[in-house]
Protein chains: 2
Amino acid sequence: MRQRDLLTTTLRETSADAETINHQLLLRAGYIRQLAAGIYTYLPLGRRVLRKIEEIVRKEMDAAGAQEILMPSMQPTELWKESERYDVYGQELMKLQDRHKREFVLGPTHEEVVTTLVRGEISSYKRLPVTLYQIQTKFRDERRPRSGLLRGREFLMKDAYSFDTDWEGLDDSYVKMFSAYQRIFARCGLDYRAVHADSGAIGGEGGSHEFMALSDIGEDTIAVCSHCDYAANLEQAEVRTHAADANSDLLEIPTYEKFHTPDTIDELVKGLNILPEHIIKTLIYADEGQLFAVLVRGDHEVNEIKLGQFLGTSDLALADYQTVQDVTGVEIGFVGPTELLLPLYVDTAVAAMSQGVSGAGEKDYHLRNVVPGRDFSLERIGDFRNAVEGDSCPSCGEGVLHLHKGIEIGHVFKLGRRYSDKLGASFLDAAGNKKSIIMGCYGIGISRLMAAVAEQNYDEEGLVWPASLAPYAVHILLMSVKDKEQVALAEALYKQLTQLGVQTLLDDRDERAGVKFKDSGLIGIPVSLIVGKDAAMQKVQYMSRLTNTKEVLDISEAIMRITTS
Amino acid sequence: MRQRDLLTTTLRETSADAETINHQLLLRAGYIRQLAAGIYTYLPLGRRVLRKIEEIVRKEMDAAGAQEILMPSMQPTELWKESERYDVYGQELMKLQDRHKREFVLGPTHEEVVTTLVRGEISSYKRLPVTLYQIQTKFRDERRPRSGLLRGREFLMKDAYSFDTDWEGLDDSYVKMFSAYQRIFARCGLDYRAVHADSGAIGGEGGSHEFMALSDIGEDTIAVCSHCDYAANLEQAEVRTHAADANSDLLEIPTYEKFHTPDTIDELVKGLNILPEHIIKTLIYADEGQLFAVLVRGDHEVNEIKLGQFLGTSDLALADYQTVQDVTGVEIGFVGPTELLLPLYVDTAVAAMSQGVSGAGEKDYHLRNVVPGRDFSLERIGDFRNAVEGDSCPSCGEGVLHLHKGIEIGHVFKLGRRYSDKLGASFLDAAGNKKSIIMGCYGIGISRLMAAVAEQNYDEEGLVWPASLAPYAVHILLMSVKDKEQVALAEALYKQLTQLGVQTLLDDRDERAGVKFKDSGLIGIPVSLIVGKDAAMQKVQYMSRLTNTKEVLDISEAIMRITTS
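Just so it is clear, the model here is predicted, and its values are computed rather than measured. (Residues numbered from 1 in each chain as written. Chains lettered and ligands numbered in written order. Predicted model: local features only at pLDDT ≥ 70, side-chain atom pairs only at ≥ 80, totals over all residues. Heavy atoms only, no water.)

Let us look at the overall build of chain A. Within chain A, the regular secondary structure consists of 15 helices and 29 strands. Each of the three principal axes of chain A carries a C-alpha extent, and together these read 90 × 70 × 45 Å. When the 565 residues of chain A are sorted by exposure, 56% land in the buried category. Partitioning the contacts of chain A with sequence separation of at least 6, the portion at a separation of at least 24 is 69%. When the accessible surface of chain A is split by element, carbon and sulfur atoms take 47% of a total near 23800 Å². Side-chain charges in chain A split into 63 positive and 84 negative, and the spacing between the mean points of these groups amounts to 9 Å. (Helix = DSSP H or I, 4+ residues; strand = E, 2+ residues; numbered from the N terminus. Buried < 20%, exposed > 50% of the residue type's maximum accessible area, 1.4 Å probe, protein only. Contact = heavy atoms within 4.5 Å. Areas by Shrake-Rupley, 256 points an atom, 1.4 Å probe, with all protein chains shown as cover. Lys, Arg positive; Asp, Glu negative; His and termini not counted. Charge placed at Lys NZ, Arg CZ, Asp CG, Glu CD.)

Turning our attention to the domain arrangement of chain A. Here chain A is described as being made up of domain 1 (21-195 + 417-454), domain 2 (243-382) and domain 3 (474-564). A straight line from the C-alpha centre of domain 2 of chain A to that of domain 3 of chain A covers 67 Å. (Domains from an automatic or database assignment.)

Quick look at the environment of B:Ile122 now. Mapped onto the elements, B:Ile122 comes out in the loop between helix H5 (111-121) and strand S7 (130-139). In this structure B:Ile122 comes out as buried when scored by relative accessible area, which is 2%. Considered as a pair, B:Ile122 and B:Glu461 are 339 residues apart in the sequence and their alpha carbons are 54 Å apart. What B:Ile122 contacts, discounting residues up to four positions off in sequence, is A:Leu7, B:Arg127, B:Leu128, B:Val130 and B:Ser426.

Moving on: the relation of the copies chain B and chain A. Screw-axis analysis of chain B against chain A gives a translation of 0.0 Å along the axis, an RMSD of 0.2 Å, and a rotation angle of 179°. The superposition of one copy onto the other is thereby described by a two-fold rotation axis. For chain B, the minimum C-alpha distance to the rotation axis belongs to B:Leu96 and amounts to 2.6 Å. By residue overlap, the copies meet face to face through one surface: 100% of the interface positions of chain B are interface positions in chain A. (Least-squares fit on C-alpha atoms with pLDDT ≥ 70 in both.)

All names here are of chain A. Leu128 connects to Pro129 through a cis peptide bond whose omega is 0°. Following the sequence through the fold, Pro129 ends up in the loop between helix H5 (111-121) and strand S7 (130-139). In this model, Asp364 sits at a positive phi of 70°, which is unusual for a non-glycine residue. Note that Asp364 resides in the loop between strand S18 (356-359) and strand S19 (365-370).

Attention now moves to the side chain of B:His411. Residues and elements named next belong to chain B. Locating His411 in the fold gives a position in strand S21 (residues 401-416). Within polar-contact distance, the side chain of His411 engages the side chain of Ser208 at 2.9 Å. Among the polar contacts listed, one links the side chain of His411 to the side chain of Glu408, at a separation of 3.0 Å. (Polar contact = N/O pair within 3.5 Å; in protein donor to acceptor, adjacent residues only side chain to side chain.)

With 54 residues of chain B in contact, the opposing surface of chain A contributes 54 residues. Taking both partners together, chain B and chain A bury about 5100 Å²; carbon and sulfur atoms supply 56% of that area. Summed over the three residues of chain B that lose the most area to chain A, namely B:Leu7, B:Leu70 and B:Arg99, the buried surface amounts to 15% of that side. Linking chain B with chain A are ten salt bridges, by the criterion used here. Where B:Arg153 meets A:Asp98, a salt bridge forms, and the shortest distance between an N and an O atom there is 2.8 Å. Linking chain B with chain A are 28 residue pairs in polar contact (both at pLDDT 80 or more). Among the elements that line the side of chain B that touches chain A, the one with the most residues is helix H2 (residues 44-63) of chain B, at six residues. (Buried area = accessible area lost by both parts, 1.4 Å probe. Salt bridge = Lys/Arg side-chain N within 4 Å of Asp/Glu carboxyl O.)

Residue and element names in this part refer to chain A. Examined against the element boundaries, Ser528 turns out to sit in strand S27 (residues 527-531). Accessibility expressed as a relative area gives 1% for Ser528, which makes it buried. Between the C-alpha atom of Ser528 and that of Gly373, which follows or precedes it by 155 residues, the distance is 68 Å. Sequence-distant contacts of Ser528, that is, excluding residues within four places in its chain, are made with His475, Ser520, Gln541, Tyr542 and Met543.

Running from amino to carboxyl end, helix H2 (residues 44-63) of chain A crosses H2(B) at an angle of 145°, the nearest separation of the two axes being 16 Å. Seen along the crossing, H2(A) lies across H2(B) with a hand that is left-handed. Residues A:Arg47, A:Arg51, A:Glu55 and A:Arg58 of H2(A) form the contact with H2(B), whose own contacting residues are B:Arg47, B:Arg51, B:Glu55 and B:Arg58. Counted by class, the contact of H2(A) with H2(B) contains no nonpolar, no polar and eight charged residues. (Axes fitted to C-alpha atoms, helices over the stretch in contact; angles between N-to-C directions. Left-handed = near helix turned anticlockwise from the far one by under 90°. Nonpolar A, V, L, I, M, F, W, Y, C, P; charged D, E, K, R; others polar.)

Residue and element names in this part refer to chain A. Of all eight residues in strand S15 (residues 290-297), seven are buried, a share of seventy percent or more. The pairing of strand S14 (residues 280-287) with S15 spans eight bridges and is classified as antiparallel. Residue Tyr285 lies in a different strand from S15, and its bridge partner there is Phe292. Linking S14 back to S15 in an antiparallel pair, the connection comprises two residues, with Glu288 at a positive phi of about 50°. (Pairing = 2+ DSSP bridges.)

This next bit is on the sheet that holds strand S19 (residues 365-370) of chain B. Residue and element names in this part refer to chain B. In space, the three strands of this open sheet follow the order S13-S19-S18, with antiparallel pairing throughout. Each having just a single partner strand, strand S13 (257-260) and strand S18 (356-359) make up the two edges of the open sheet. For this sheet, the mean inter-axis angle between neighbouring strands, taken without regard to orientation, is 35°. As paired strands, S13 and S19 are joined by four bridges and run antiparallel to one another. Across the sheet, residue His260 finds its bridge partner in S19, namely Tyr365.

Here we take up the packing of H2(A) against helix H12 (residues 446-456) of chain A. All names here are of chain A. Close contact between H2 and H12 brings their axes to 10 Å; oriented N to C, the two are set at 110°. Judged by the angle between their axes, H2 and H12 are roughly perpendicular. For the crossing formed where H2 meets H12, the hand is right-handed. Contact residues: H2 offers Gly46, Val49, Leu50, Ile53, Glu54 and Val57, while H12 offers Ile446, Ser447, Leu449 and Met450. (Parallel < 35°, antiparallel > 145°, perpendicular 65-115°, else oblique.)

Looking now at the pattern of salt bridges. A full pass over the atoms with the stated rule returns 90 salt bridges over all chains. Two residues, A:Glu111 and A:Arg85, come together in a salt bridge whose shortest N-O distance is 2.9 Å. Of the two residues, A:Glu111 is situated in helix H5 and A:Arg85 in the loop between helix H3 (77-82) and helix H4 (86-89); the sequence distance between them amounts to 26 residues. Per residue, the accessibility class of A:Glu111 equals that of A:Arg85, and both read buried. Here the salt bridges do not stand alone but share partners, grouping A:Arg47, A:Arg51, A:Glu54, B:Glu55, B:Arg58 and B:Glu68 into one network.

This next bit is on the pairing of strand S11 (residues 220-225) of chain A. It is a general feature of regular strands that their side chains alternate between the two faces of the sheet. All names here are of chain A. A large share of S11 lies buried, amounting to five of its six residues. Relative to strand S21 (residues 401-416), S11 is paired through six bridges, and the arrangement is antiparallel. Counterpart to Cys225 in the pairing with S21 is Leu401. Here S11 pairs with strand S12 (residues 231-233) via three bridges, running antiparallel.

This is the structure in structure tokens:
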């Protein structure tokens, strides 16, 4: 492609709306343009990157035995009511009526449509398993679209759905998709982790994993082991009990004693030189009217998902100020475990303390020398807190956990019978019994992935695409269109590389060298060939953005390096 | 692909809704399924055909220098109001509101979006010309969706837009797209014609061509020359005057005479043995209140588009019954030209008659021996009729015109400044003057093309895909999955062909041979290899659907034939 002809205007200024690097650079380098909030046009460079991602995804899906289909965006609203998701999605569903006042939604996902499709096509176990996928535009009416392609209202997705006769079959289908996802993200050059996750609005009875691209702008926090491949959403990350911390010398610690603390806990920490990890926090929770206390260390936070799982409830919440006052007789800040008449749920890290500082159950007073097990009950111990930086890995035990922010780029779910039951997708087994099909679903945000890769791959000049996704493999920069030798060499190189099948962009614009370097830096093609003053000697400068190196090479050597790399 | 795993259910019954062959066969062979009126899912076989069309279109667009982009489906309604098309499209626009009550349309076409895009990117003549295209789902709220993919509400289109500095540039861009379209339709194996066309709702100042796949179920009528490549929509097809028919012996015909005709014109024709081509029909038209008569032969029909072009008006209509009565004093059926006090517009075919039968201007009477030029004025002669079967070709003069029905599969328009003026897309020319960009637009219905190819390529067994679009190149039919030699040979063939890059479908289902032949006949893969009783001798039956031939071949020869064809 000749850059003279390319519909790409690079921008020197950063748009005020663009808060994230990927959004700024994709706009500035001429990959995308906004049409409306969360709705983008892909310019030629952006479309090329998108197509490369599509092709990687398509190849890996096909290799995993999935079959490509294409389902409509317009879905009859009745289907969403049948599956009982119409209200769950609520305002995020884009809705419309046709001229006959029939109601449709624009699909944000296709469980309803695909389940109805398979219900009509498959009736016997002989036709199972099957996995279907599509690459398609999706719609979601985000309340606050942001970060460019990361959270848009119209976006490109790959969604896949597996159909099996039983849970073992689903496990196989799930593993196949999981492995395909690993290959896809690796081929896209992403630094990512697969984490155990919650199923959210998609629902389902089985497990679920999220694939997270590590990035400071991510909306999720994940805990990642420094040693093994363990990774989990913060809500799901287990905390390992440190046997070493366990309390073994109870008797030597004197009886707890009250001291005056009219200030807040923060001032207390500062004023008395008490470290947060020496404080025992007492929080009062309510679960359908039943009150109980949870104890965590001062530097830890209660993980309500873990607590709920331990208690077998999803309905717990912190008790309000008045309730705490009524039950304990003091303000929240001075509640302590020693004389509390409520069940105590003690986090393992508290249980492992030899002694600590807690509220005294009396206004303006705390206690010191509070010993877990001696001064309050350790009947109910569990993992009730969020993991923190430096916790040891619950999987290998050797590494420590580091917390990262992550961008969700893929999600795999074991749906089970969630949709096949509701929509009546069943099959006859070998014995002639009617059973519900066991489903899984698997999504990748294609356009979001483009943003995540951009967010992970840039330098001070602009984007730096991995070779697998770069819009072109080589960028020839013709320094002066007025120098005949340079023109001849650049044209010859362009022709030769193109004939060799190398996707090449030739900057043949009548612009100053500085402009060309700036634009090339922004666009981020991994290899540049600079045709300048050495052209007369049939030499070019070979520049790699990935390794940040420059070399003057004979053109034959430059071509050799490109075609063999 | 193993057919055992393929999500395809062939249907023995034809759906009652499916009135056209393509719709019936695409449903029965398992290519598509309806989700709602005019809204379809593409099953794996259908998706493969669609992808092949997409790839042909993409390659030819790229080769023609067009750049691929991707614009959103959701378009702000304001854009359509700015271009003054919101009301023109009316109920055919799918409309929606987002959660903030902002209004959008789902794009049936993208002139507004692309013009706005280019307005933002291009400001100088140096950056022109440029042609952009996309392959994308479109939405149109058809009042009556029908014929399966031919007239759907959600469908796949390739739309392209060219931007030039002047009309000569547009002519070049137009020719490039026109040629690309010819290559695309030829590669898809279509019998089609490019015809001069009217611009319709897209509007624009320049010319326009439609690409029509010839088919009895087409909604348009086109006139096609038997000798040269002339083709035109019926409304546009010129009629050549036949000098040979011209009247030269006026004087020998006796004065016209009245005869009693109390019956309708049809009964008159039958009873008196008068041929329709001997009748002169007199029709009264009104153009903004001005009345005039048009004379055409009894076997011809007035072409109001030609008439309007001759008169320089687009507002003419047949006068109503009462007006005719008031002006002529008789009922419509008995109006004649001989004593009429209105301007007479005489079609060339009437002018060329030596004599004819016309209304007498008196109830229940007609005239015979009416001689054009003697008995009524030939001051205003023109081509005012539709072409008919057998008219001589207006282009070469050697062939005759045949009328065909056509399915519109592509349309190219010279838009000129229609959109750039309204939406303010301008550029500075070399002298620094601001000018509107000159645009063209170019569409191909990708999913409609699939239906048109199906409509042209079938036999009594089912679909017969051209090799370029077939979902697979070869269909191996394993006659008995219980015969070890057959299984071994079929598997070996499948493996070898797949390794050679031949897209192969292996029917390895545990079904009777009859079922396999029936399904294979429906699915329509061009070449089948039947692995049956000759398997032990390493022989297969090679069956071509295109040539309708069968031969027993050694497997090496069968493979050779496949890979070299």
